[in-house]
Amino acid sequence: MKEITPVISATGLYTPPETISNEELVVSFNAYVELHNSRNAAAIAAGEVQELQPSSAEFIEKASGIKSRHVLSKASTLDPECMGPRWPERSNDEISIMAEIGVKAALDALQSIGRDPKDVDAVLCAASNMQRPYPAMAIEIQQALGIEGFAFDMNVACSSATFGIQTAADFIRAGNARSVLVVSPEICTGHNNMKNRDSHFIFGDVATAVLVEAKDIAPARHWEIVGTRLKTVFSNNIRNNFGFLNFATPETIGTPDKLFVQEGRKVFKEVVPMVATMIVEHAGDLGIDPTSLRRLWLHQANSGMNRLISQRVLGHEADEDESPTVLDTYGNTSSAGSIIAFHLHNSDLTAGDTALICSFGAGYSAGTVFVRKVA
């Protein structure tokens, strides 16, 4: 029986039109700090409430490399009395907002190669936070696109897209599908604590899509999937405790741990060597010299992390051509980050170039997808 070879045929991107600069975000955050400290002045003086400290655009860029981010709801996110996205709740007969932006990214991928949605066999919605437990967001995206077959959600936090690519490739190798959409709608502002100085600047909103197909139906210009590898190691250093079981302990609903929380320094110290070692070892197993990689499309969480990982893989500090960043204008978009970098910065590679898509995040989780340009 002839082995079926999976490839990446196309990628798609939906970018929300509204943006928030660091300067705008700092004005909002510092106004919130003033309100908080004023309203709690007596409790702060008594040592019962902690006084909040202001932020600055310089601090944000130095800590993360982020300069701005795209969002789905700008006005409410910048409102010191709100500090988060707001929009009218949609009825069950309307498409959900997460499915809506996922469909836009999927159509961008399909239309780029003239592929009809009816030619797709499966949809994986791979994202860090689902809008609801069920019915699956993937099935709603599938229905909106008019795709038959099957669909399901998967969540491996910031590594969801690379985990989705390997899952799609495995379906194709096994003959269970010939064309699979991996869609990552990431409404990250919905789970960010905009009132926390250490994290209020981190996230942005976006949606990406990757079309994984059998090589014999792919367009002439595509990406060979040379190899994929997944890794997970349990850690509490990145966590979000929001879930349906919060109903069982209503007294803790709304506490900070029901949003994104992390021990940033611990994450940096532990994840950088884990991911760099994983990349180098996986490359070696595939017979690839990691220092020869044409480009690294890394998870877009922190510029310092990417700089160190690239250096350990390539043997020197990578320039923008070797390891392009979208973090400065998109912020951290969880599982979508490495896919945005791949989508926006791959057209100049030539046939035979070997490169890497890599994501890493909560779990800990990490995924490596080595690809080679064809035609």
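Conventions and cut-offs
- Residues numbered from 1 in each chain as written.
- Predicted model: local features only at pLDDT ≥ 70, side-chain atom pairs only at ≥ 80, totals over all residues.
- Heavy atoms only, no water.
- Helix = DSSP H or I, 4+ residues; strand = E, 2+ residues; numbered from the N terminus.
- Rg over C-alpha atoms; globule rule 2.2 N^0.38 Å.
- Contact = heavy atoms within 4.5 Å.
- Areas by Shrake-Rupley, 256 points an atom, 1.4 Å probe, with all protein chains shown as cover.
- Expected span 1.5 Å × (residues − 1).
- Buried < 20%, exposed > 50% of the residue type's maximum accessible area, 1.4 Å probe, protein only.
- Salt bridge = Lys/Arg side-chain N within 4 Å of Asp/Glu carboxyl O.
- Phe/Tyr/Trp six-rings, centres within 6.5 Å; stacked < 30°, edge-to-face > 60°.
- Lys NZ or Arg CZ within 6 Å of the ring centre and 35° of its normal.
- Axes fitted to C-alpha atoms, helices over the stretch in contact; angles between N-to-C directions.
- Left-handed = near helix turned anticlockwise from the far one by under 90°.
- Nonpolar A, V, L, I, M, F, W, Y, C, P; charged D, E, K, R; others polar.
- Pairing = 2+ DSSP bridges.
- Right-handed = clockwise from strand over helix to strand, strands pointing away.

## Notes on the overall build of the protein chain
Here's step 1: A tally of helices and strands in the protein chain yields eleven helices and 13 strands.
Here's step 2: Its C-alpha atoms give the protein chain a radius of gyration of 21 Å, within 12% of the compact-globule value 21 Å for 375 residues.
Here's step 3: Its C-alpha atoms give the protein chain principal-axis dimensions of roughly 75 × 55 × 35 Å.
Here's step 4: For the protein chain, long-range pairs separated by at least 24 residues make up 77% of all intrachain contacts whose partners lie at least 6 apart in sequence.
Here's step 5: For the protein chain, the computed accessible surface area is about 16800 Å², with 51% contributed by carbon and sulfur atoms.

## Some remarks on helix α7 (residues 160-173)
Here's step 1: Taking 1.5 Å as the rise per residue, α7 with 14 residues should run 20 Å; its terminal C-alpha atoms sit 20 Å apart, in good agreement.
Here's step 2: A large share of α7 lies buried, amounting to eleven of its 14 residues.
Here's step 3: What α7 keeps buried is the set S160, A161, T162, F163, G164, I165, Q166, A168, A169, F171 and I172.

## Looking at the pattern of salt bridges
Opposite charge on two side chains lets them pair, provided their charged atoms get close.
Here's step 1: In this structure the tally under the stated criterion is 15 salt bridges.
Here's step 2: The network of salt bridges with common partners includes R294, R295, D321 and D348.

## Some words on the packing of aromatic side chains
Here's step 1: With the rule as written, the count across this model stands at eight aromatic pairs.
Here's step 2: Judged by centre distance (5.2 Å) and plane angle (70°), the ring pair of F150 and F171 falls under edge-to-face. Of this pair, F150 sits in strand β5 (residues 150-154) while F171 sits in helix α7, and the two are 21 residues apart along the sequence.
Here's step 3: With a centroid separation of 6.1 Å and 75° between ring planes, the pair formed by F152 and F171 is classed as edge-to-face. Note that F152 is positioned in strand β5 and F171 in helix α7, a separation of 19 residues in sequence.
Here's step 4: What makes F152 partly exposed here is its relative accessible area of 26%.
Here's step 5: Every member of this aromatic cluster is reached through a ring pair, and the members are F150, F152 and F171.
Here's step 6: Above the face of the F59 ring, R197 is positioned so that its terminal group lies 4.1 Å from the ring centre.

## Some thoughts on the packing of helix α8 (residues 264-285) against helix α9 (residues 303-314)
Here's step 1: Contact geometry of α8 with α9 gives a least axis separation of 9 Å together with a crossing angle of 35°. Two packed elements cross with a definite hand, and for α8 against α9 that hand is right-handed. Facing α8, whose interface residues are V267, F268, V271, V272, P273, V275, A276, I279 and V280, α9 presents G304, M305, L308, I309, R312 and V313.
Here's step 2: The residue makeup of the contact of α8 with α9, split by class, is 13 nonpolar, one polar and one charged.

## Quick word on helix α11 (residues 337-344)
Here's step 1: Of all eight residues in α11, six are buried, a share of seventy percent or more.
Here's step 2: Within α11, the full set of buried residues consists of G337, S338, I339, I340, A341 and F342.

## A look at the pairing of β5
Here's step 1: Direction of pairing for strand β4 (residues 122-126) relative to β5: parallel, over a ladder of five bridges. Residue L124 lies in a different strand from β5, and its bridge partner there is F152.
Here's step 2: Each parallel crossover has a hand, and for β4 linked through helix α6 (residues 137-145) to β5 it is right-handed.

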